[in-house]
Every structure is written in C-alpha cells, then in structure tokens.
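Coordinate inspection notes
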Amino acid sequence: MKEKTDVYISGSSFTEDEVKNKTVIVIDVLRAGSSILTALNNGAKGIIPVSDMAEASEMAQNLDSASYLLCGEKNGIKIDGYHLGNSPFEYEEKTVKAKTLILKTTNGTKAIDRCSGAERVLIGSFLNLSKVAEEVSNDDNEMVIICSGWRQRLSLEDMLCAGAILHRLNGKKIPADAPDGAKVAYSLYEKYASSILSTVRRSNHAARLVSLGFEKDIDYCCEIDRIPIIPELKDGMLKI
Ligand code: 3SL
C-alpha cells in the first residue's frame, strides 16, 4: 500500500532527511529523466548524475577519455565543450553504447543528487510509467515522488507524471488521508489523463523547448511505456 506517498514539487522542496531510508522516484519528464531512460535503453553502461560543471570535470578526470561522454545542458542548450546536450534524440545506440555518461542538467540531475541518502532512487517518466509503478508496488519501503520542476518551481509535466504513477498505484480513489502533494498530483492527472500530450505541450517548459527548436522532444517524452526499464542509482551511478 502506498497511501502515504508524498509528492514534492521541485528538486529543492524537500530536505535530505525527508527521503532518508525511503524509495524515491525522481521525475524530470522534460527532459533529463527521458534522456536517461533513452541512453540506458540504448546501451550506455551507466550515467553519473552531477549537480554542476565543476563536479562533471572532476568525475571526467578519473575516467579513461575513451570510456566516457560529458553530457548536459545550461538553459536547455548543450554546454560548450561537452559531447552531448540533453535531447533524448542525441542518445543513440551508436553514440552511447558501452559508454559511461556524466550528466549535468539544470534541475533533474540536481534533484537526483539530493536524494543520495535514500534507500533506493529510481527514475520515473511517462516513458516507463507502468514499469516504475509496478516496481514500487512490490517495494515495502516508504515512498516519495520528487518532481524536479524548474528552478525551485513546479513544472506541470512532472506533477502530471507523478499523478499518473499514483493513479496506477491507488486505482480510482486516492485515500482521504493522503498527503496534499499526492492529492494535487492525482487530481491533476484525473483532469488531464486523456490529453497528456496536448496538456504538456501547453506547459511553460514545453514553450521554452519549442523556442529552442526542441519541439519533437516533447512528443517523444510524452510517449507512455515506450521504454519499460527502471534506472536505479547504485554507488552514484544510474544503471538498469
Ligand atoms: O532541468 C533539467 O534537468 C533539464 O531536463 C532541462 S532541459 O529540458 O534540458 O532544458
């Protein structure tokens, strides 16, 4: 039973104590979570999520230069000197297979990093929606969902995805004593369940991505259950 599951609205809206010893699902639909799923599904060996560029360079220094790719964005755009940006379409098999990726993004990888004291850290997205719900339904730990959001603020697409996970876990009714965050996410999903893509397309972050030329990323990131795998953080690296 997951009736106590709380939902946090951004990567900075929780304390590290609030995730300690729990199973955490981190969501960043647009686009870090979706890129992580794509890269691992295309054979990347693992992904090291980092909070900033200094940490990324430090990680890179400890790896053989042929074995890793530096990946990430600043304000949605590939960082100068990095191999890849943060569009899932860049994470093709021919590029990422057998490579370790060091990934720095504005919100998603920071949120993941802040969960390092949790018992389990899983990546959830529309791309692996049913799989991640199934995984946590068999897990006895207390659970929380962290929406990465955008610069300490709520993102519609992440809350909607959190609601979709809760809907799969709770069925047609959320318990009366569920935390408010869970009720809000659940209700949002109930309202927009039949129009996920068009709803996400109207979100603030989708507008930002369209202005940068990444419109097709939005459609891709909203595909339900396209990649049924579970990335999990183990010793600082996301793997399947
Ligand atoms: O904030 C993040 O972690 C990114 O996913 C943002 S972007 O979609 O690459 O702009």
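Our subject is the structure that appears above.
Residues numbered from 1 in each chain as written. Predicted model: local features only at pLDDT ≥ 70, side-chain atom pairs only at ≥ 80, totals over all residues. Heavy atoms only, no water.

Each pair of packed helices can be described by the angle between their axes along with the distance between the axes. Closest axis-to-axis distance for the helix H5 (residues 129-137)/helix H6 (residues 156-170) pair is 9 Å, and the angle between their directions is 55 degrees. In terms of orientation, H5 and H6 fall into the oblique class. Crossing handedness for the pair H5 and H6: right-handed. Between H5, through Leu129, Ser130, Val132, Ala133, Val136 and Ser137, and H6, the contact on the second element is made entirely by Cys161, Ala164, Ile165, Arg168 and Leu169. Considering only residue class, the contact of H5 with H6 consists of 8 nonpolar, 2 polar and 1 charged. (Axes fitted to C-alpha atoms, helices over the stretch in contact; angles between N-to-C directions. Helix = DSSP H or I, 4+ residues; strand = E, 2+ residues; numbered from the N terminus. Parallel < 35°, antiparallel > 145°, perpendicular 65-115°, else oblique. Left-handed = near helix turned anticlockwise from the far one by under 90°. Contact = heavy atoms within 4.5 Å. Nonpolar A, V, L, I, M, F, W, Y, C, P; charged D, E, K, R; others polar.)

Near the ligand there are 14 residues, and of these Arg31, Asn86, Thr105, Asn107 and Gly108 occur at the shortest range. Contacts to the ligand include asparagine 86, whose side-chain N or O atom sits 2.7 Å from an oxygen atom. Asparagine 107 is positioned such that a nitrogen or oxygen atom in its side chain is 2.7 Å from an oxygen atom of the ligand. Within the complex, the protein chains bury 99% of what would otherwise be the 290 Å² of accessible surface of the ligand. Class assignment of the residues belonging to the shell around the ligand gives a composition of 4 nonpolar, 7 polar and 3 charged. (Near = heavy atom within 4 Å. Polar contact = N/O pair within 3.5 Å; in protein donor to acceptor, adjacent residues only side chain to side chain. Areas by Shrake-Rupley, 256 points an atom, 1.4 Å probe, with all protein chains shown as cover.)

The next point concerns the environment of glycine 43. Within the fold, glycine 43 resides in the loop between helix H1 (32-41) and strand S3 (46-50). Glycine 43 sits in the partly exposed class, given a relative accessible area of 28%. Through-space distance from the C-alpha of glycine 43 to that of lysine 97 is 4.4 Å; in sequence the pair is 54 residues apart. Here glycine 43 is in contact with Val96, Lys97 and Ala98, once residues within four sequence places are set aside. (Buried < 20%, exposed > 50% of the residue type's maximum accessible area, 1.4 Å probe, protein only.)

The next subject is the pattern of salt bridges. Under the criterion given, the structure shown has 11 salt bridges. One salt bridge connects arginine 226 with glutamate 223, and the closest N-O pair in it is separated by 3.1 Å. For arginine 226, a relative accessible area of 46% corresponds to the partly exposed category. Using a relative accessible area of 31% as the deciding quantity, one classes glutamate 223 as partly exposed. Among the ionic pairs, glutamate 232 bridges to lysine 234, the shortest N-O distance being 3.7 Å. A relative accessible area of 11% means that glutamate 232 is categorised as buried. One connected set of salt bridges, linked through shared partners, spans Arg120, Glu135, Asp139, Glu232 and Lys234. (Salt bridge = Lys/Arg side-chain N within 4 Å of Asp/Glu carboxyl O.)

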